[in-house]
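# Per-entry structural report
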Amino acid sequence: MKTTFKFIAAAALLLFGAIQSDAQVGKPHKRNLTVKEWNVDAGSTAKIMDHLTVYDNLGRKIEEAEYDRYGVKWRKIFEYGENGKVSRELVYGPNGKLDNIRKFEFDELGRKKTEYVYNPKGKLIRYKLFEYSVEEGNE
């Protein structure tokens with residue numbers, strides 16, 4: 001009886017250790033990663049590109065594109081500032097031409113504070129303000 005208990009206890013510890021180590025793995029590394037998403041209709045083997053995301057050697061998203069069966073719907077190029085946050089997005093339309101430029105400001109906690117949207121010639125079109133609030137008692 002004692003031997004059986006020791007065996008079960010040892011097996012439980014091994015299983016618990018395996019579960020813990022899996023939980024510690026976290027998200028996959030994104031360094032130099034390219035993610036392609038494909039749509040495949042049922043009953044077909046033809047793949048149609050749906051989405052593309054490209055990361056640089058630091059694991060930062062540097063390009064993203066959305067596709068449909070006719071080609072690129074939009075494409076974004078991301079540029080980063082000294083703070084490591086996205087400082088500028090270049091947004092291209094389906095014709096491959098620059099559609100707009102987005103610039104960002106961040107607060108002292110590193111959260112987006114303001115997003116400015118400019119036309120391709122650099123004229124401000126609009127801006128978006130971000131407001132953050134925490135409701136007390138909802139922890």
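This text follows the structure it describes.
First, a word on what this report is: a plain description of the structure on this page. (Residues numbered from 1 in each chain as written. Predicted model: local features only at pLDDT ≥ 70, side-chain atom pairs only at ≥ 80, totals over all residues. Heavy atoms only, no water.)

## Section: the overall build of the protein
Condition: Helix and strand definitions follow DSSP, with helices as H or I runs of at least four residues and strands as E runs of at least two, each counted in order from the N terminus. Relative accessibility under 20% of the residue-type maximum defines a buried residue, over 50% an exposed one, and the middle range a partly exposed one, all with a 1.4 Å probe and only protein chains included. Methods summary: accessible areas were calculated by the Shrake-Rupley approach with a probe of 1.4 Å, and residue burial reflects only the protein chains presented.
Each helix and strand in the protein was counted, giving one helix and eight strands. Listing the helices and strands of the protein from first to last along the sequence gives α-β-β-β-β-β-β-β-β. Buried positions account for 21% of the 139 residues belonging to the protein. In the structure as shown, the protein presents an accessible area of about 11100 Å², 54% of it carried by carbon and sulfur atoms.

## Some thoughts on the pattern of salt bridges
How we decide: For this document, the term salt bridge refers to a Lys or Arg side-chain nitrogen within 4 Å of an Asp or Glu carboxyl oxygen.
As enumerated under the stated definition, the model contains seven salt bridges in all. With its nearest N and O atoms 2.7 Å apart, the salt bridge here joins E115 to R102. Taken together, the positions of E115 in strand 7 (residues 112–118) and R102 in strand 6 (residues 98–106) put the pair 13 residues apart, joining distant regions of the chain. R102 shares its class with E115; the two are buried. Salt-bridge contacts for R111 lead to D107; the nearest nitrogen and oxygen are separated by 2.9 Å. According to the relative accessible area criterion, R111 is partly exposed, its value standing at 33%. Among the residues examined, D107 registers a relative accessible area of 16% and is labelled buried.

## Some thoughts on the side chain of D107
The cut-off we apply is this: We define a polar contact as two N or O atoms separated by no more than 3.5 Å, with the added condition that, inside protein, one atom must be a possible hydrogen donor and the other a possible acceptor, whereas residues neighbouring each other in sequence contribute only through side-chain atom pairs. Residue contacts are defined here by distance: any two heavy atoms, one from each residue, within 4.5 Å place the two residues in contact.
Tracing the backbone through its elements, the reader meets D107 in the loop between strand 6 and strand 7. Within the structure, the side chain of D107 is placed 2.9 Å from the backbone nitrogen of L109, a separation counted as a polar contact. Look past the residues within four positions of D107 in its chain and what remains in contact with it is K113 and Y132.

## Some points on the packing of aromatic side chains
Stated precisely, the cut-off is as follows: Here is the rule: rings of Phe, Tyr and Trp (six-membered ring for Trp) pair when centre to centre is within 6.5 Å. Planes less than 30 degrees apart are stacked, more than 60 are edge-to-face, and the remainder are tilted.
Evaluation of the coordinates by the stated rule reveals two aromatic pairs. Ring geometry for Y116 and Y127: centres 6.0 Å apart, planes at 40°, overall tilted. Within this pair, whereas Y116 is found in strand 7, its partner Y127 is found in strand 8 (residues 124–129), the two being separated by 11 residues in sequence. A residue is classified by how much of its surface remains accessible, and Y127, at 51% relative accessible area, is exposed.

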